[in-house]
Amino acid sequence: MSGTLNNTKTTMTTTIDAALAPHPRRRKLTFAAVVIAVALATAGITALLVNMFTRQQETRMPFVRVVEVTETTTDPAEWGKNWPREYDSYQRTVDVTRTRYGGSEAMPQQKLDRDPWLKRMYAGYAFSIDFRDRRGHAYMLYDQEHTERITKKPQPGACLHCHASATTTWRRLGLEAQGKNLSDAGPFDFDWPSVMKGFEILGAMKYADAHAEILKTPDGTPQTVKSPTAPSATASTTQQALSSQAHLGAVHPVGCIDCHEPKGMQLRVTRPGFVNGIRSLAESDDPVPHLPSIERWRQGSRKAPYDPNVDASRQEMRSFVCGQCHVEYYCGPKSTLFFPWGKGLKVEQVEEYYDQYKFPDGHRFYDWQHGETGAELLKAQHPEFEMWSQGTHARAGVSCADCHMPYVREGAMKVSDHHVRSPLLMVNRSCQVCHPVAEDELKGRVTTIQDRTHALVDRSSRSLVDMLDAIKAAREAGATTERLAPVLELQRKAQWRLDFVASENSMGFHAAQEAARILAESIDYSRQAVAAAQALHLSAPQSPAPLPATRPVQGITPADQAP
């Protein structure tokens, strides 16, 4: 009995073992699956390691020097062969960049048609002939060459300071003044003394002659071109003179060489106007907490003048390269181009600097004499750097490039987007990096600031027109220039402040409270001028003509206004 049971157990065990034993085919499939999984994992890890190595190599070699670019290579296309990522986005500055308060995709709109008060404000000045909306950097030289401010009015070569790549021409002219030529300078020698001398020489020329000098300078493009010639002596307009010029290269708008050194693309400033201006600001007593390198220089020995290319941090340079051109400056024929920063950057400090500045003939500084009133006035250019300096972003250490040229990722590379434009066109990369808020909310904040600033500009312009009418009427009633002198001083102050905000290209966003303060002062000075002019009008020896009617303020009916 026990033998039978043992046999039964043995048989059952054998049967179970046979049932549980893997099938030979199943064993092969399992082995194959394991091999494939290991192979895939190995391939994935290998690919990951290769990718990591490649990205590390990219970061170690941010560019490949395909061609040699030097201090004479003003053609950005040549730089683009070494730095294609930056050049690709730089070329896109031809694209549409329109926002609510500026920009254009074609020939810019004439501001004088949209805002007729501008024509009266600029009466007697070239801006009363042609004043258009801005476009992208790609158009900065073309639009200057074709504006009627240039073609119909004589302008100095200083106008090219911020519209053309002129560093090589400045150096050439400076060297020639020393009896040398461009080849005497090394390929990577910027030679600041020669550049400064050439800057003075070119700026004193007529615009067409200065344009021709830039054409005489090789631009680094490897191609055969015509020999340089001077503008035609028979040309009747600046435009005809420009079209008659033959050249060794081309006149390029501001490009790579103006903000980067050619060896390794490090940021630098190249504009003599900025170097002199920021130096005078550093030597002033005006607090500039948003520019810590200046504060450090002031606390140092001051043995050497402040030099932005030596003393400034890289973050500061990301604003300084923009501040070379997006600033207030004088570029007229009576003096070498300068930035009026010797008293500070605020509107009243710039005004004080101008008021104390004397031309070589001893006359107080002014840009032009108003065509209606005869007042000697100031013309604001585009003081973005000055206005930004008064805002919260500057104080927080945010640079121009952080918002207008934000970083983009391309592989392992982090590069600045050289498609320079309004942050409103790329909120996710410009604003939301610091502000974790919905895009519509951020745009709404900007719109509120800009709408309010625009409304204040509108009120200021109405006050300005009332002032011009009152001064004109007082003069017609017999008020002499001597008696009107205090009124004309008020006009100078009122127009300067309105123009400072209206010509600045952020519609108040760079410093909202500062823009509102400036416009409030403009309105105040205009209304003071109206009251003073009306008093002269009523006290004129002749029977006075009726006082000109003032324009009603929006939202207030004439009956609600004081008589």
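In this report, we go over the structure that sits alongside the text. (Residues numbered from 1 in each chain as written. Predicted model: local features only at pLDDT ≥ 70, side-chain atom pairs only at ≥ 80, totals over all residues. Heavy atoms only, no water.)

1. Looking at helix α13 (residues 272–283)
Argument step 1. For α13, which comprises twelve residues, the first-to-last C-alpha distance of 17 Å matches the rise-based estimate of 16 Å (1.5 Å per residue) to within 8%.
Argument step 2. Within α13, burial applies to Pro272, Gly273, Phe274, Val275, Gly277, Ile278, Leu281 and Ala282.
Argument step 3. Close packing links the buried residues of α13 with α9 (167–177), α10 (192–203), α14 (292–299), α15 (308–311) and α16 (314–323). (Helix = DSSP H or I, 4+ residues; strand = E, 2+ residues; numbered from the N terminus. Expected span 1.5 Å × (residues − 1). Buried < 20%, exposed > 50% of the residue type's maximum accessible area, 1.4 Å probe, protein only. Contact = heavy atoms within 4.5 Å.)

2. Structural notes on the nonpolar core
What tends to happen in soluble globular proteins is that the nonpolar side chains get buried as a cluster.
Argument step 1. By size, the foremost hydrophobic cluster in this structure holds 50 residues, and its most contacted members are Trp117, Tyr122, Tyr354, Phe365, Leu484 and Trp496.
Argument step 2. Elements supplying a minimum of two residues to this core: α6 (117–121), α17 (347–356), α22 (439–476), α23 (481–502) and α24 (512–538).
Argument step 3. Of all the elements, α23 adds the most residues to this core, at nine residues.
Argument step 4. Residues Leu173, Ala210, Val288 and Leu291 belong to the second largest nonpolar core, which totals 48 residues. (Core = buried A, V, L, I, M, F, W, Y, C linked by side-chain atoms within 4.5 Å.)

3. A closer look at the environment of Met426
Argument step 1. Tracing the chain through its elements places Met426 in the loop between β4 (413–416) and α21 (427–430).
Argument step 2. By relative accessible area, which is 3% here, Met426 ends up buried.
Argument step 3. When the C-alpha positions of Met426 and His404 are compared, they lie 8.9 Å apart, and in sequence the two are 22 residues distant.
Argument step 4. Ignoring any residue separated from it by four or fewer positions in sequence, one finds Met426 in contact with Cys403, His404, Pro406, Asp417 and Arg421.

4. So, the layout of surface pockets
Argument step 1. Here the second largest pocket is characterised by a volume of approximately 420 Å³.
Argument step 2. Secondary-structure elements contributing two or more residues to the lining of the second largest pocket are α5 (111–114), α6, α22 and α23.
Argument step 3. Tallying contributions element by element places α22 first for the lining of the second largest pocket, with four residues.
Argument step 4. Of the residues contributing to the lining of the second largest pocket, the split by class is eight nonpolar, six polar and ten charged. (1 Å grid on protein atoms, 1.4 Å probe; cavity = no way out; pocket = protein on both sides within 12 Å on 5 of 7 lines; lining within 4 Å. Points joined across faces, edges and corners; volume = space filled by probe spheres on them. Nonpolar A, V, L, I, M, F, W, Y, C, P; charged D, E, K, R; others polar.)

5. Here's the deal with empty space enclosed by the protein
Argument step 1. Scanning the model with the defined rule gives two cavities of 30 Å³ or more in all.
Argument step 2. Approximately 50 Å³ is the volume attributed to the largest cavity.
Argument step 3. Taken together, Thr74, Ser165, Thr168, Thr169, Ile214, Thr217, Pro218, Asp219, Ala250, Val251 and His252 make up the full set of residues lining the largest cavity.
Argument step 4. Here the second largest cavity defines a volume of roughly 40 Å³.
Argument step 5. Surrounding the second largest cavity, Gly157, Ala158, His161, Trp170, Phe199, Leu202 and Gly203 form its lining.
Argument step 6. If you tally residues by element for the lining of the second largest cavity, the top one is α10, at three residues.
Argument step 7. For the lining of the second largest cavity, the class distribution of residues is four nonpolar, three polar and no charged.

6. Looking at helix α4 (residues 84–91)
Argument step 1. When α4 is considered as a whole, its buried residues turn out to be Glu86, Tyr87, Ser89 and Tyr90. Taken around the axis of α4, the buried residues stretch over an arc of 165°, which confines them to a single face.
Argument step 2. Against the buried residues of α4 lie α3 (76–82) and β4. (Arc of directions from axis to C-beta.)

7. Regarding the packing of aromatic side chains
Aromatic ring pairs: the centre-centre distance and the angle between the two ring planes describe each pair.
Argument step 1. Evaluation of the coordinates by the stated rule reveals 35 aromatic pairs.
Argument step 2. Ring centres of Tyr87 and Tyr90 lie 6.1 Å apart, and the angle between their planes is 25°; on these two criteria the pair is classed as stacked. Within this pair, Tyr87 and its partner Tyr90 are both found in helix α4, separated by three residues, close to a single helical turn.
Argument step 3. With relative accessibility at 18%, the residue Tyr87 sits in the buried group.
Argument step 4. Judged by its relative accessible area of 15%, Tyr90 falls in the buried class. (Phe/Tyr/Trp six-rings, centres within 6.5 Å; stacked < 30°, edge-to-face > 60°.)

8. Focus on the pairing of β4
Argument step 1. As judged from the four bridges shared by strand β3 (residues 407–410) and β4, these two strands associate in the antiparallel manner. Across the sheet, residue Arg409 finds its bridge partner in β4, namely Lys414.
Argument step 2. If you look at the hairpin formed by β3 and β4, you'll find two residues sitting between the two strands, and Gly411 has a positive phi there, around 65°. (Pairing = 2+ DSSP bridges.)

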